[in-house]
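Here is how the chains run, residue by residue.
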Amino acid sequence: MSSQTAGLICAHHHLYSTLARGMPAPKTTPNTFLEILQQIWWRLDIALDNEMIYWSAMLGATEALLSGTTCIIDHHESPNCIEGSLSTIAKACSDVGVRVNACYGVTDRWDNSGNLHSKVSPLSSMTSSALRGLDECDRYLRQGGRGMVGVHAAFTCSDETLHVASDLAKKHSVGVHLHVAEGLDDEHAGARLESLATENWLLVHAVHLDRHLPGYIVHNPRSNMNNSVGYARPSELKNKVLLGTDGIGADMLEEARLAYARLREYDVTQSPVTVWSWLENSYEIFPEARHDKVTYNYDHVDSEWHAAFTPSIRAIDVEVDGEKIVVNGSPTRVDIYEIRAKAAEQTKRLHERLATL
Ligand SMILES: [Zn+2]
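Read on for an overview of the structure. Quantities reported herein were computed from a predicted structural model and do not represent experimental measurements.

Glancing now at helix H11 (residues 336-355). Compared with an ideal rise of 1.5 Å per residue, which puts 20 residues at 28 Å, H11 spans 28 Å between its outermost C-alpha atoms and is within 8% of the ideal. Of all the residues in H11, the buried ones are Ile339, Ala343, Gln346, Thr347 and Leu350. Seen from one end, H11 has its buried residues packed into an arc of 120°, which puts them on one side. Facing away from the buried side of H11, by more than 90 degrees, are the exposed residues Tyr337, Glu338, Ala341, Ala344, Glu345, Lys348, Glu352 and Ala355. Here the buried face of H11 lies against helix H1 (33-47) and helix H2 (50-66).

Okay, here's the thing in structure tokens:
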């Protein structure tokens, strides 16, 4: 038995949400998933500026690293700070020493007059906001950034935008990273994406997906439970399943334990081996993470049955590409206290802005 694993991978994160914790509550309690998007996440993303994005990503990446997560597949949205945002996130991750696969999640929900439409007609035209998001993905990928083309979700995009995003991804030989049928508001995603999706797409959630689509499916059990959108039944999918957090930290052993508990609630014959195979599948996207070394305060971490039933396991040392970037629970490239202090300053600015929205 070993106290080491390879580097862990968070297959769906939103580093921009790290500073949301403790944000001012919405004026009324959201009743539905769409209201959660409207009153929490679409209120947060329009408030972000470049400095907030950087320190949110710095704190999120550092917390990931301290959990043994050395790679993050990020999905970003900041409608009032689009240009350059992916490079800001990539710089933060590089400063900390975490690998990132970044994308900007394009959407037509903001029309050309700046009005919000929570559902967008498939027949409408691409908005200037979506075009700016696609341009940011294109710029970042052309300049050698590691990433994908991001789309928020089919129900907030026109067919034109979905097609252009798919073409852009093909041009760069990458997949599209998007939320798919997370809630019933997006139940037509399968029909709309069927002619576009390919094996390298990242289909996130797929709780209400009504047909098979090619691509990886990213399961986010804690987020799905938190938003009360339903269970995705990932063990029954033909697709390769990966595990993500949807922005609720990046502690992948913790997410795997929760995924296992939720799976067992659904099917008591299942074993943790199923869930740990979802962690394993992410090495297809970050193969080099297999050579990272994470050492834990527990000597049976490589056994699925041990890890699934030992909630207190912590990463102590982390080595990426031969460099020790966490020693005795502290990051070596950055000062965690400075990051927390700077993040707190930006959190204050962000929450003050949110209080007015
Ligand atoms: Zn998400």
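Once you've had a look at it, read on.
As a further point, take unusual backbone geometry. Glycine aside, a negative phi is what most residues show, and trans is what most peptide bonds show. For Ala206, which is not glycine, the phi dihedral falls at a positive 55°. Looking at the element boundaries, Ala206 is found in the loop between strand S8 (202-205) and strand S9 (216-219). At Ser228, a residue that is not glycine, the phi angle is positive and equals roughly 55°. With respect to the helices, strands and loops of the structure, Ser228 is situated in the loop between helix H7 (221-226) and strand S10 (241-243).

Our next topic: the nonpolar core. Counting residues in hydrophobic clusters, the biggest one holds 107 residues, and the most contacted among them are Met58, Ala61, Ile72, Ile89 and Cys93. Per element, the largest residue contribution to this core is 11 residues, and it comes from H2. Apart from residues no more than four positions distant in its own chain, Ala61 is found in contact with Leu15, Ile72, Ala92, Cys93, Val96 and Val98.

All right, on to the sheet that holds strand S4 (residues 99-101) then. The parallel open sheet is built from three strands, whose spatial order is S2-S3-S4. Only two strands of the sheet have a single neighbouring strand rather than two, namely strand S2 (8-13) and S4. Each adjacent strand pair in this sheet contributes to an overall mean axis angle of 20°, direction not counted. Looking at chain direction, strand S3 (residues 69-74) and S4 are connected through three bridges and run parallel. Across the sheet, Cys71 pairs through a bridge with Arg99, a residue of S4. Its contacts with the sheet put H2 on S2 and S3, and the angle it makes with S3 is roughly 140°.

Thresholds, definitions, all that
- Residues numbered from 1 in each chain as written.
- Predicted model: local features only at pLDDT ≥ 70, side-chain atom pairs only at ≥ 80, totals over all residues.
- Helix = DSSP H or I, 4+ residues; strand = E, 2+ residues; numbered from the N terminus.
- Expected span 1.5 Å × (residues − 1).
- Buried ≥ 20, exposed ≤ 12 C-beta atoms within 10 Å, placed from the backbone.
- Arc of directions from axis to C-beta.
- Contact = placed C-beta atoms within 7 Å.
- Core = buried A, V, L, I, M, F, W, Y, C linked by C-beta atoms within 7 Å.
- Pairing = 2+ DSSP bridges.
- Axes fitted to C-alpha atoms, helices over the stretch in contact; angles between N-to-C directions.

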